[in-house]
Amino acid sequence: MTTALFTHSDCLEHETPEGHSERADRLRAIWKALEDPAFDALDRREAPLAERSELLRVHPEAHVAAIEAAIPAEGYVSLDADTHVMAGSLVAALRAVGAVVSAVDAVMAGEVKNAFCAIRPPGHHAERVTPMGFCLFGNVSIGAKRALDHYGLERVAIIDFDVHHGNGTQDLLWDEPRILFCSTHQMPLYPGTGEPRETGAHDNIINAPLPPMSDGAAFRKIMEEQILPALDDFQPELVLISAGFDAHKDDPLAQLNFDVEDFVWVTEKICDIADKHAGGRVVSTLEGGYDLESLAASTAAHVKVLMERGA
């Protein structure tokens, strides 16, 4: 067994306006970090284009058609103040979804123990009919629904430790009792959702916000007191991670003070849950992280833990 890395050069073709935080250099920085010989054992796979039927697991046809119609032949189209598309954006987004779907397939088939999807655009802010927060489609939500619908699983967990609340994942899975969505995030901060009282239609959502300037100790405490016990009680058959690394102290878009070791710790704890209940099956997908140096270091450390646990 090993760890798979799903990615594709098409994800670079989703260009954003100059100075935009969510830029192609994020992916280049991660790729460079994973060129280190320590990562030679990664099972490197190209992300396929997602089938339309996968998008329709969580989005209506009208949303997919609206994204398609918005793609310009040249220049940029702004879907909101933060979210822009250009000629290569749709293909990049389909590769992003395809990576997560294929990673779920590979893990469920037993080809690999776990997987990391180095993709962009990210997905956890995309709501059912609203692209936002740099996101077009709900990548991780689609992967979770794939696991339920295609493989007949009864319980899938998603852990989101991005510094921003995954409002899209919450919206897409609000009424899905087979999925437990757990999020730590800074509050107050964009997008303004993620209060503890937001628990889903079936008590299937756990929001554990942290105040600005919280450090790794506060993060570990809230994980140990709220999220890890809930995951253990839920007994997931597959664990997915929305791996945002923008809670790092050097990230420019927020005010949490995590370091690389905090991401190592949480990855180990999530893998412990997966080992106990899910045969070690973990699929992680990139969300945020906008300081290139800390993004690369944090991602590499995260993938290293996956490789150690997948060996």
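In the block above lies the structure referred to throughout.
The following paragraphs examine the structure supplied in this document.

What counts, and where the lines are drawn
- Residues numbered from 1 in each chain as written.
- Predicted model: local features only at pLDDT ≥ 70, side-chain atom pairs only at ≥ 80, totals over all residues.
- Heavy atoms only, no water.
- Pairing = 2+ DSSP bridges.
- Helix = DSSP H or I, 4+ residues; strand = E, 2+ residues; numbered from the N terminus.
- Axes fitted to C-alpha atoms, helices over the stretch in contact; angles between N-to-C directions.
- Patch = residues over 30% accessible without salt bridge, like charges linked within 9 Å, V, L, I, M, F, W, Y side chains within 5 Å.
- Areas by Shrake-Rupley, 256 points an atom, 1.4 Å probe, with all protein chains shown as cover.
- Salt bridge = Lys/Arg side-chain N within 4 Å of Asp/Glu carboxyl O.
- Lys, Arg positive; Asp, Glu negative; His and termini not counted.
- Charge placed at Lys NZ, Arg CZ, Asp CG, Glu CD.
- Buried < 20%, exposed > 50% of the residue type's maximum accessible area, 1.4 Å probe, protein only.
- Expected span 1.5 Å × (residues − 1).
- Core = buried A, V, L, I, M, F, W, Y, C linked by side-chain atoms within 4.5 Å.
- Contact = heavy atoms within 4.5 Å.
- Phe/Tyr/Trp six-rings, centres within 6.5 Å; stacked < 30°, edge-to-face > 60°.

### Details of the sheet that holds strand β1 (residues 3-7)
Thought 1: The sheet built from 8 strands is open, its strands ordered β2-β1-β5-β10-β9-β6-β7-β8 with parallel pairing. A strand with exactly one partner marks an edge of an open sheet, and here the two such strands are β2 (43-46) and β8 (205-210). Averaged over neighbouring strand pairs, the angle between their axes works out to 15° when direction is ignored.
Thought 2: Both strand β7 (residues 179-186) and β8 contribute to a ladder of 6 bridges, which runs parallel.

### Some remarks on a negative patch on the surface
Thought 1: A cluster of acidic residues, Asp259, Glu261, Glu268 and Glu308, forms a negative patch on the protein surface.
Thought 2: On the basis of relative accessible area, Glu308 is assigned to the partly exposed category, the value being 48%.

### Overview of the pattern of salt bridges
Thought 1: One pass over the structure, following the stated rule, counts 22 salt bridges.
Thought 2: Measuring nitrogen to oxygen at the nearest pair gives 2.8 Å for the salt bridge that ties Arg28 to Asp25. Here the residue Arg28 and the residue Asp25 both occupy positions in helix α1 (residues 24-33), the gap between them amounting to 3 residues, near one helical turn.
Thought 3: Between Lys276 and Asp232 there is a salt bridge whose closest N-O contact spans 3.1 Å. Of the two residues, Lys276 is situated in helix α8 (residues 260-277) and Asp232 in helix α7 (residues 216-234); the sequence distance between them amounts to 44 residues.
Thought 4: Taking the relative accessible area as the measure of exposure, Asp232 reaches 24% and is therefore partly exposed.
Thought 5: Through salt bridges with shared partners, a single network forms among Glu54, Arg57, Asp105, Lys145, Arg146, Asp149, Glu176 and Arg178.

### Some details on helix α5 (residues 139-151)
Thought 1: Between its first and last C-alpha atoms α5 spans 18 Å; for 13 residues at 1.5 Å apiece the expected length is 18 Å, and the two agree.
Thought 2: Along α5, 10 of the 13 residues are buried, which leaves the element largely enclosed by surrounding structure.
Thought 3: A positive backbone phi angle near 70° is found at Gly152, which sits one or two residues after α5.

### Some thoughts on the nonpolar core
Thought 1: Judged by nonpolar contacts, the single largest core of 97 residues is most densely connected at Phe137, Val156, Phe161, Leu231, Leu238 and Leu240.
Thought 2: With 13 residues, helix α4 (residues 89-108) is the largest single contributor of residues to this core.
Thought 3: Apart from the residues lying within four places of it in its own chain, the contact partners of Leu238 are Val104, Val107, Met108, Ala147, Leu153, Arg155, Val156, Ala157, Ala278, Arg281 and Val282.

### Looking at the packing of aromatic side chains
Thought 1: Counted under the stated rule, the structure contains 7 aromatic pairs.
Thought 2: Measuring from centroid to centroid gives 5.8 Å for Phe134 and Tyr290, while their planes differ by 80°, and the two rings are edge-to-face. One end of the pair, Phe134, is in the loop between β5 (114-117) and α5; the other, Tyr290, is in the loop between β10 (282-286) and α9 (292-310), with 156 residues separating them in the sequence.
Thought 3: With a centroid separation of 5.0 Å and an interplanar angle of 80°, the aromatic rings of Phe245 and Phe263 are classed as edge-to-face. Residue Phe245 is found in the loop between β9 (238-243) and α8, and its partner Phe263 is found in helix α8; the two are separated by 18 residues along the sequence.

### Considerations on unusual backbone geometry
Most peptide bonds take the trans form, and the phi angle of most residues other than glycine is negative.
Thought 1: Here the residue pair Arg120 and Pro121 is connected by a cis peptide bond, since its omega of 0° sits within 30 degrees of zero.
Thought 2: Between Met187 and Pro188 the backbone carries a cis peptide bond, its omega angle lying at 5°.
Thought 3: Phi at Asp203 takes a positive value of approximately 55°, unusual for a residue other than glycine.
Thought 4: Within the element layout of this structure, Asp203 appears in the loop between β7 and β8.
Thought 5: The phi dihedral of Gln235 is positive, around 55°, even though this residue is not glycine.
Thought 6: Along the chain, Gln235 falls in the loop between α7 and β9.
Thought 7: Accessibility expressed as a relative area gives 41% for Gln235, which makes it partly exposed.

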